[in-house]
Amino acid sequence: MNAPESETGLSADHIELLHAPALDMSADALLRDLTHYFGRTLGRRTISKQQPYVYQALTYAVRDRLMERWNRTNIAVERADMRRTCYMSLEFLMGRLLTNSLISLDLKGPAVEALNRLGLRLEDVAEREHDAGLGNGGLGRLAACFLDSCATLQLPVIGYGIRYQYGMFHQRIENGYQVEEPDPWLRVEFPWEIERIELSQTVRFGGHSEAYADHEGKQRRRWVHTHDVLAIPYDVPIPGYRNDVVNTLRLWSAAATDEFDLDEFNAGDYADAVAAKNEAENITMVLYPNAATESGQELRLRQQYFLVSASLQDIMRDWRQRHGDDYSGFAEKLCVQLNDTHPALAVPELMRLLMDHCYLSWNEAWEITSQTMAYTNHTLLPEALEQWPVAMFETLLPRLLEIIYEINARFIQEISAQWPGDNARIERMSLISPGPHKMVRMAYLSIVGSFSINGVAQLHSYLLQKGLFQDFAELWPERFNNKTNGVTPRRWLAACNPGLSDLISSQIGTEWTTDLPQLAGLAEVAEDPDFQQRWRNVRAENKQRLAKLIETRTGLTISPAMLFDVQVKRIHEYKRQLLNLLHAVYLYDRNQRGQHDAQLPRAIIIGGKAAPGYVMAKNIIKAINNVAKVINSDRRLHDKLRLIFLPDYNVSAMEVICTAADLSEQISTAGKEASGTGNMKFMMNGAITIGTLDGANVEIREAVGDENFFLFGLTVEQIEAQRATYNPQEIIASDADFARVISLLESGHFNRFEPGVFDSILHAIRDPHDPWMTAADFRSFIDAQERVAKSYSQRDLWTAMSIRNTAASGTFSTDRTIKNYNDDIWRLDTVTPLAP
Ligand SMILES: *Cc1c(COP(=O)(O)O)cnc(C)c1O
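Keep in mind the model is a prediction, meaning the values are calculated, not measured.

Caption draft 1: Local environment of the overall build of the protein. What the protein contains, in helices and strands, is 34 helices and 25 strands. Structurally, the protein occupies a C-alpha span of about 90 × 75 × 60 Å along its principal axes. A sequence separation of at least 24 residues applies to 77% of the contacts in the protein between residues at least 6 apart. When the accessible surface of the protein is summed, it comes to about 32300 Å², and 49% of that surface belongs to carbon and sulfur atoms. Of the charged side chains in the protein, 85 are positive and 109 negative, and the gap between their average positions amounts to 5 Å.

The structure is reproduced here in structure tokens:
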């Protein structure tokens, strides 16, 4: 029997869903639902501040309200058969979701009221949520900000990622050393996700590839004798800002295809039967804690293929539902954005699915694939470009290797046609690196398979085309473009800094939340004494909040009157936390010698995680903590200088930190930081940047003007010019301050009973081959810090600079970034959710 059609043309199930009255958004209704979930669903009785289940119950109540909007968005996209983008990323550093969802749904007021009636505060309840730490740092957080902006801009974009059982590790500091602890964030239920077992996919590994003739006698290839793993999707709703759009983040979890081998089990081999299950589940067990450099672990390659294969099969399933096996319009309806090379296997995997499963010819499949894929590069460090051993492909992904070889053969033909006889060029550009241990170059695979290749800041995109990808930019200049990063102003200003948000809105209205360039209106009152005072009041409260967080985590107290000088980001040599440390020692040394003249009370706050295998980064953490211990236990310095290492830097910590920083340290060696996004969060919240001409710092300085930015250091060109003759020993010897800093570090003053703790660091600074050329920028950094001190002591001047930084931050919204992606790469129409 046919289902009756409604006036909207939907089947009976849909009618029931859509005609259900939309849920009440009042405090009363929220309280009623919260109470229901708390008592009846979660089975709890007592409500208290510590009670984690209040958070859970409130989230269910909020999720209900997201769910109807989610359905209405999906139905609208499906009915209009809209073009969509799939944002594929091994990382989504989401952080907490409750406050953001409340703000998006305009439910914060009702939630505050409902909780008040229970004697609870929203902040306390929201604190109970664990960060969803499914990412390492900037790259993963960018993916999360992108999802927020896509939903807010009403763009049909779905995120595809991995549901790691263990996210980013928690960091503890023990005797100055980093100690990693697992993050079992799913131990307590993650109430935002919906398991969708009916959409599971099978992902293959191992086996081999063989030829066969199909029923028409056509020669084809198939992948046989594989070990299969089940991919189960979990959907997380991504609400737009007050527009009823709810997009999807689909995270895949691995499971054994059979719970376990029953024959083996019946034969009494219980352990072996369970081992297969464990091996399958291992794939999504843990996030690789890499930053910038890649580690060549087979399991990591498995993760990458698992994500790509499950996602593309999901896309194909959806396609077949609507278009049957006509793939001619595929590239017109779909775009896949690859977040770095981690999902680069999407190129050969889509080829495989189109040829082996949909029976398209090579040329047809290639036309579709190369018109569907777009690739974003995130690094200029050559050592961070992913490569995987061909030998690993042979055993793990034999069918994909065949396809990669074929892509490469055809690609090399194209180069030869353009540059006949240029074998050096062929070797440079080949997807397979030469030598005894052949490797697949994932960045090149991404470039060859994509119609668009972008960097993430103007300077970065320029340097990619001049350096790392020069040969490719020469071949296909039209494919290269720039998309300067951003951050979402909903999380990074509206939600995390309610005090400043209210002040801003009282001055320029509330539209800045979705039209950030309107912040420019603040420039008018940058020097208004009354507005300045209110600006300082808000910032003082925020500094108090950060001081409290620091006290909770470290036991150290700092006064909000001090300059908060903040560097938080992954610990990496190129980010030069060491340069910051040298400045701290310089200030300490001056104070010891009674020269407090130009100094001002300053708290230097450093936070960030080191990859567990990155020895040098861990040594830097130890060194910071040792110097901090000496400085902080000197009573005479108590109100003058403090050095704090804030443990366990993550998204929710940053939500406190960026609202309270006076000075934002963005001090990487020029040409090494692709963009940075921490720099943008700080600027938006009124911090002033001390920085090199690197990544998006260049654009930040252009936007705010040189007089509101503390510039120092060598430029990219100067770094490269001076590299050959770089002589740090000479630089140190010819600068009395620098020499004293180094000899103080050498003297054992900061490591009385721990000989050798500073050796690797001192060696790195003095090394003429130091890739980060830390010593080269020492003097220039010190001078810039002195300018900082002078400016900060002129209170009104500093406040005006602070206001001007926020006012000029409008362009660093991911709303702008995503508009750029959409105009140039995605070309999506906006979706209007079905009316309730
Ligand atoms: C923004 C952010 C980053 C990126 O910081 P950079 O300074 O750009 O490296 C990393 N981690 C977290 C938790 C962040 O919020």
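On we go.
Caption draft 2: Region of interest: the pairing of strand S22 (residues 641-646). Counting buried residues in S22 gives six out of six residues, a clear majority hidden from the surface. Across the two faces of S22 the burial is the same, with Leu641, Leu643 and Phe645 and Arg642, Ile644 and Leu646 all buried. For strand S21 (residues 602-607) and S22, the ladder comprises six bridges, and the chain directions are parallel. By the bridge assignment for S22, arginine 602 is matched with leucine 641.

Caption draft 3: Summary view of empty space enclosed by the protein. Following the criterion strictly, the structure yields five cavities of 30 Å³ or more and no others. As for the largest cavity, its lining consists of 15 residues, and the residues nearest its centre are Met94, Leu97, Asn100, Asp148 and Arg491. Of all the secondary-structure elements, those providing two or more residues to the lining of the largest cavity are helix H4 (98-104), helix H7 (138-152) and strand S11 (227-239). Considering only residue class, the lining of the largest cavity consists of eight nonpolar, four polar and three charged.

Caption draft 4: Local environment of the site of the ligand. Taken together, 14 residues are adjacent to the ligand, and Lys569, Lys575, Thr677, Gly678 and Lys681 come closest. For the ligand, an oxygen atom lies 2.7 Å from a polar atom in the side chain of lysine 575. Between an oxygen atom of the ligand and a main-chain N or O atom of glycine 678, the distance comes to 3.0 Å. Listing elements by their share of the shell around the ligand, those giving two or more residues are helix H25 (651-657) and helix H26 (678-684). A breakdown of the residues in the shell around the ligand according to their chemical character gives five nonpolar, six polar and three charged.

Caption draft 5: Structural view of helix H24 (residues 615-632). Here H24 contains 18 residues, and its C-alpha end-to-end distance of 26 Å stays within 8% of the 26 Å for a straight helix at 1.5 Å per residue. Counting buried positions over the 18 residues of H24 gives 13, a clear majority of the element.

Caption draft 6: Molecular detail of the sheet that holds strand S15 (residues 387-389). Reading across the sheet, the three strands line up as S15-S17-S16 and stay open at both edges, with antiparallel pairing between neighbours. On the outer flanks of this sheet lie S15 and strand S16 (432-433), each paired with one strand and no other. Bridging between S15 and strand S17 (residues 439-441) involves three bridges; their strand directions are antiparallel. Across the sheet, the residue bridging to glutamine 387 is arginine 441, located in S17.

Caption draft 7: Just the packing of aromatic side chains, in detail. Evaluation of the coordinates by the stated rule reveals 24 aromatic pairs. On the numbers, 4.7 Å between centres and 50° between planes, the contact of tyrosine 444 with phenylalanine 472 is tilted. Of this pair, tyrosine 444 sits in helix H17 (residues 442-448) while phenylalanine 472 sits in helix H19 (residues 470-475), placing them 28 residues apart in sequence. Tyrosine 444 sits in the buried class, given a relative accessible area of 14%. Ring geometry for phenylalanine 531 against tryptophan 535: centres 5.8 Å apart, planes inclined by 40°, an arrangement best described as tilted. Linking phenylalanine 531 with tryptophan 535, this pair stays in helix H22 (residues 529-554), spanning four residues, or about one helical turn. Taken individually, phenylalanine 531 and tryptophan 535 each receive the classification buried, so the pair is uniform in this respect. An aromatic cluster of three or more residues is present, and its members are Phe411, Tyr444, Phe469, Phe472 and Trp476.

Caption draft 8: Looking closely at the sheet that holds strand S23 (residues 663-666). The six strands lie next to each other as S22-S21-S20-S23-S24-S25, forming an open sheet whose pairing is parallel. Each having just a single partner strand, S22 and strand S25 (710-711) make up the two edges of the open sheet. Sheet topology places strand S20 (residues 563-568) next to S23; two bridges connect them, and they run parallel. The residue of S23 that forms the bridge with aspartate 565 is leucine 663. The strands that helix H33 (residues 795-807) touches are S20, S23, strand S24 (688-691) and S25; relative to S24, the one it contacts most, it runs at about 90°.

Caption draft 9: Representation of the pairing of S24 within the structure. Burial of S24 is two-sided: the residues Ile688 and Ile690 facing one way and the residues Thr689 and Gly691 facing the other way are all buried. When S23 meets S24, the two strands line up parallel, connected through four bridges. If you follow leucine 663 over to S24, its bridge partner there is isoleucine 688. A crossover connection joins S23 to the parallel S24 through H26; in handedness this β-α-β unit is right-handed. Where S24 and S25 come together, two bridges link them in parallel fashion. By the bridge assignment, glycine 691 is partnered in S25 with leucine 711. Considered for its hand, the β-α-β crossover made up of S24, helix H27 (residues 697-704) and S25 is right-handed.

Caption draft 10: Structural view of the pattern of salt bridges. Inspection of every chain in the model, using the stated rule, returns 62 salt bridges. In this structure, aspartate 824 and lysine 483 form a salt bridge, with 2.9 Å as the shortest nitrogen-oxygen distance. Within this pair, whereas aspartate 824 is found in helix H34 (residues 814-826), its partner lysine 483 is found in the loop between strand S19 (480-482) and helix H20 (489-495), the two being separated by 341 residues in sequence. Measuring nitrogen to oxygen at the nearest pair gives 2.9 Å for the salt bridge that ties aspartate 589 to arginine 740. Here arginine 740 lies in helix H30 (residues 736-746) and aspartate 589 lies in helix H23 (residues 577-592), a separation of 151 residues in the sequence. Several salt bridges converge on common partners, so that one network encompasses Asp589, Arg593, Asp735, Asp737, Arg740, Arg779 and Asp783.

Caption draft 11: Local environment of the packing of H7 against H34. Where H7 contacts H34, the axes come no closer than 9 Å and their chain directions differ by 75°. It follows that H7 is roughly perpendicular to H34 by the angle criterion. Residues Cys145, Phe146, Ser149 and Cys150 of H7 lie in contact with H34, whose contacting residues are Thr814, Asp815, Thr817, Ile818, Tyr821 and Trp826. In terms of residue class, the contact of H7 with H34 is built from six nonpolar, three polar and one charged.

Caption draft 12: Here's a closer look at the packing of helix H10 (residues 298-323) against helix H12 (residues 346-357). Where H10 contacts H12, the axes come no closer than 10 Å and their chain directions differ by 40°. With respect to each other, H10 and H12 are oriented oblique. Taken as a pair, H10 and H12 cross one another with a handedness that is right-handed. Residues Tyr305, Val308, Ser309, Leu312, Gln313 and Met316 of H10 pack against Ala346, Glu349, Leu350, Arg352, Leu353 and Leu354 of H12. Each residue belonging to the contact of H10 with H12 can be placed in one class, and the counts come to eight nonpolar, two polar and two charged.

Caption draft 13: The UniProt feature "modified residue: N6-(pyridoxal phosphate)lysine" (unreviewed entry) in the protein, seen in detail. Cross-referencing UniProt, the feature "modified residue: N6-(pyridoxal phosphate)lysine" (unreviewed entry) maps to Lys681 in the present numbering. Ignoring sequence-local partners within four residues, the contact set of lysine 681 consists of Arg141, Val487, Trp492, Met654 and Cys658.

Caption draft 14: View of the side chain of threonine 376. One can find threonine 376 in strand S14 (residues 373-376). Threonine 376 sits in the buried class, given a relative accessible area of 0%. At a separation of 2.8 Å, a polar atom in the side chain of threonine 376 contacts the side chain of glutamine 337. At a separation of 2.9 Å, a polar atom in the side chain of threonine 376 contacts the side chain of asparagine 454.

Caption draft 15: A look at the nonpolar core. In this structure, Phe306, Leu345, Leu397, Leu643 and Trp826 are the most contacted members of the largest nonpolar core, which totals 204 residues. With 12 residues, the top contributor of residues to this core is helix H3 (residues 52-79). Contact partners of tryptophan 826, with chain neighbours within four places excluded, come to Arg83, Thr85, Tyr87, Cys150, Val157, Cys335, Gln337, Ile818 and Tyr821. Trp492, Leu522, Phe564 and Leu646 belong to the second largest nonpolar core, which has 56 residues in total.

Cut-offs used in this document
Residues numbered from 1 in each chain as written. Predicted model: local features only at pLDDT ≥ 70, side-chain atom pairs only at ≥ 80, totals over all residues. Heavy atoms only, no water. Helix = DSSP H or I, 4+ residues; strand = E, 2+ residues; numbered from the N terminus. Contact = heavy atoms within 4.5 Å. Areas by Shrake-Rupley, 256 points an atom, 1.4 Å probe, with all protein chains shown as cover. Lys, Arg positive; Asp, Glu negative; His and termini not counted. Charge placed at Lys NZ, Arg CZ, Asp CG, Glu CD. Buried < 20%, exposed > 50% of the residue type's maximum accessible area, 1.4 Å probe, protein only. Pairing = 2+ DSSP bridges. 1 Å grid on protein atoms, 1.4 Å probe; cavity = no way out; pocket = protein on both sides within 12 Å on 5 of 7 lines; lining within 4 Å. Points joined across faces, edges and corners; volume = space filled by probe spheres on them. Nonpolar A, V, L, I, M, F, W, Y, C, P; charged D, E, K, R; others polar. Near = heavy atom within 4 Å. Polar contact = N/O pair within 3.5 Å; in protein donor to acceptor, adjacent residues only side chain to side chain. Expected span 1.5 Å × (residues − 1). Phe/Tyr/Trp six-rings, centres within 6.5 Å; stacked < 30°, edge-to-face > 60°. Axes fitted to C-alpha atoms, helices over the stretch in contact; angles between N-to-C directions. Right-handed = clockwise from strand over helix to strand, strands pointing away. Salt bridge = Lys/Arg side-chain N within 4 Å of Asp/Glu carboxyl O. Parallel < 35°, antiparallel > 145°, perpendicular 65-115°, else oblique. Left-handed = near helix turned anticlockwise from the far one by under 90°. UniProt positions renumbered as here; feature names shortened; annotations may be inferred. Core = buried A, V, L, I, M, F, W, Y, C linked by side-chain atoms within 4.5 Å.

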